[in-house]
Amino acid sequence: MSKPKVGFYWCASCGGCEEAVVDLAEDVLRVVEAVDIAFWPVALDFKRADVAAMADGEMAVCFVNGAVRTSEQEEMARLMRLKSQLIIAFGSCSHMGGIPGLANMTDRETLLRRVYQEVPSVANPDCILPQERCEVSQGSLTLPALHDTVSSLDQMIPVDYYLPGCPPPVKLIKDAVTAILQGAMPPKGSVLAPDVALCTDCPRKDSKPERLLVSAFKRPHEIQIDPAKCLLEQGLLCMGPVTRSGCDAACIDGNMPCTGCLGPTGRVRDFGAKALSAVASIADATEESKIAGVLDKIVDPIGTFYRYSLPTSILFKRNRHDGNGWH
Amino acid sequence: MPDQFEPKIVAFFCNWCTYLAADLAGTSRLKYAPNIRVVRLMCSGRVDPQFVLDAFAKGADGVLIGGCHPGDCHYQEGNYKALRRAHLLRTVLREMGIENDRFRLEWISASEGDKVRTVVNDMVAKVRALGPLHLDAKPSPQVVATHARAVTAAAAVGGV
């Protein structure tokens, strides 16, 4: 019997998810024994045409990392959907939009102007911006179109499962691969990680006080962080209370607060709303002016609460319309 | 009849104070703008910021939360939690391009029927001045497919 075919693809991401596959180390050999890797642009020399030539559903499973923000990524996502029986959104960007998703705070034109003209380190006196088509003496050059809005994978194509994390922890990848090979998958649409908050599994949970109150929020570089004490109690914005467990508290072990990359637990629709709710609840102030004194110290609330999840949040992007024209 | 924009405002009122005040406004025959849709909750502290975002996403032009005055919360401190969350939520809403006047938290006790009237009228006037909140439809495979079909159809009509 031939081995099941597996594909990997990346869209808008940093490459860390590809690293996570390599981080399987010797275990990747066990995976290769069990499956045929039919497409993996980062590591193997298969092209789009090889995938296009496959029969529909020929691949058993395809792991797609990265958000979708170009016409090329959209096209590839659709192609993978067509050729693969299972699609697994791999990593925070694919799952929730990720860091690239923060681009939804601006629009395409502002973003291109900023990156290609305004950034102090850029010298572009002729104000040349990337074009989808450009004629040169050798012929016509093309680039994929940049979407105005960054999307998670499941906003482009139906997704069967999600492997969360930035990047997904090796243990979760191994568990997922084992479950797929054994045909022991949970219901479609599941996030392949425990459905409890990180605080539940936090090695410092015993140091979390019964009644947590914070009078001043701080950033990690501003204090000497106690390596044994609850980070929230030390005033650091730890997203542990609202983030899904499954990472073995890797950042906490590194004495850094959780930033929320595994996303919310199952019943939460909007990670950022829950995060701001949790943080506001523990602010030690009851009068409006004092509340402002505590909460206004939080630098970049959107980047803090929606660091990995802006495109899948309820509002999903900054509103650019005003209500003019009515009165 | 003047052709003016009628804002839709979702109001989350607590069971013990503001909802009773709204009742009192009714039994006292006070007239106020009919633009609010009241949702009764046990406490203003029950208002999850997700409810507010969801109201905006589903077409509300404004969201009003009404709770007991500080010190009067039936559950001791639910209204303080509401106050702290509202402060941070307001910052987030502003950054997300939703004007401050579209989101409001007010303390209205059970005896303040008249305050319901003034707050609602004032908020309706302010949101009316802002105009409707036009939020784009969130992408989903269905929405994206519909959009793609529309683009293809437009291209076909245009003879491209």
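Conventions and cut-offs
Residues numbered from 1 in each chain as written. Chains lettered and ligands numbered in written order. Predicted model: local features only at pLDDT ≥ 70, side-chain atom pairs only at ≥ 80, totals over all residues. Helix = DSSP H or I, 4+ residues; strand = E, 2+ residues; numbered from the N terminus. Rg over C-alpha atoms; globule rule 2.2 N^0.38 Å. Buried ≥ 20, exposed ≤ 12 C-beta atoms within 10 Å, placed from the backbone. Contact = placed C-beta atoms within 7 Å. Nonpolar A, V, L, I, M, F, W, Y, C, P; charged D, E, K, R; others polar. Arc of directions from axis to C-beta. Pairing = 2+ DSSP bridges. Axes fitted to C-alpha atoms, helices over the stretch in contact; angles between N-to-C directions. pLDDT = per-residue confidence, 0-100. Domains from an automatic or database assignment. Parallel < 35°, antiparallel > 145°, perpendicular 65-115°, else oblique.

Along chain A, the regular secondary structure elements total twelve helices and nine strands. Here the C-alpha atoms of chain A give a radius of gyration of 22 Å, agreeing with the 20 Å that 2.2 N^0.38 yields for 327 residues. The principal-axis extent of the C-alpha atoms belonging to chain A is close to 65 × 55 × 40 Å. Put simply, chain A has 327 residues, and 41% of those count as buried.

This paragraph deals with the interface of chain B and chain A. Taken together, the contact pairs 35 residues of chain B with 37 residues of chain A. For the side of chain B that touches chain A, the secondary-structure elements that each account for two or more residues are helix 2 (49-57), helix 3 (78-95), helix 4 (113-130) and helix 5 (141-157) of chain B. A per-element tally of the side of chain B that touches chain A places helix 3 of chain B first, with eleven residues. Taken together, the residues that form the side of chain B that touches chain A break down as 20 nonpolar, eight polar and seven charged.

For the rest of this paragraph, the subject is helix 2 of chain B. Among all positions of helix 2 of chain B, only B:Pro49, B:Val52, B:Leu53, B:Ala55 and B:Phe56 are buried. Seen from one end, helix 2 of chain B has its buried residues packed into an arc of 155°, which puts them on one side. Elements that come into contact with the buried residues of helix 2 of chain B comprise helix 10 (271-281) of chain A together with strand 1 (9-14), strand 3 (62-67), helix 3 and strand 4 (103-107) of chain B. Trailing helix 2 of chain B by a residue or two, B:Gly59 shows a phi angle of about 115°, which is positive.

Attention now moves to the sheet that holds strand 1 of chain B. All names here are of chain B. Taken in spatial order, the four strands make up an open sheet running 2-1-3-4, and their pairing is parallel. Two strands lie at the open edges of the sheet, namely strand 2 (36-41) and strand 4, each paired on one side alone. Along the sheet, successive strands turn relative to each other by an average axial angle of 20°, direction set aside. Direction of pairing for strand 1 relative to strand 2: parallel, over a ladder of six bridges. Along strand 2, the bridge assignment pairs Cys14 with Leu41. Strand contacts of helix 1 (residues 18-27): strand 1, strand 2 and strand 3, with the helix running at about 110° to strand 1, the strand carrying the most contacts.

What follows concerns the sheet that holds strand 3 (residues 59-65) of chain A. Residue and element names in this part refer to chain A. Read across the sheet, five strands follow the order 2-1-3-5-9 without closing on themselves; strand pairing throughout is parallel. Looking at which strands have only one partner, the edges of the open sheet turn out to be strand 2 (36-39) and strand 9 (161-163). This sheet shows a mean twist of 30° between the axes of neighbouring strands, independent of strand direction. Note that strand 5 (residues 84-90) and strand 9 share three bridges and pair parallel. Pairing of Phe90 across the sheet is with Leu163, part of strand 9.

This part takes up the confidence of the model for chain A. For chain A, per-residue confidence averages 94 on the pLDDT scale, and residues scoring 70 or more make up 98% of the total. Summarising per-element confidence for chain A, the mean pLDDT is lowest in helix 2 (residues 27-34) of chain A (88) and highest in helix 5 (residues 92-96) of chain A (98).

Our next topic: the domain arrangement of chain A. The assigned domain composition of chain A is domain 1 (5-99 + 150-182), domain 2 (106-147) and domain 3 (198-312). Distance between the C-alpha centres of domain 2 of chain A and domain 3 of chain A: 38 Å.

What follows deals with the packing of helix 1 of chain B against helix 4 of chain B. All names here are of chain B. Two numbers describe how helix 1 lies on helix 4: the axes approach to 7 Å, and their chain directions differ by 95°. The pairing of helix 1 with helix 4 is recorded here as roughly perpendicular in orientation. Residue-level inspection shows Ala21, Ala22, Leu24 and Ala25 of helix 1 in contact with helix 4, the latter providing Gly113, Lys115, Val116 and Arg117. Residue composition of the contact of helix 1 with helix 4, by class: five nonpolar, one polar and two charged.

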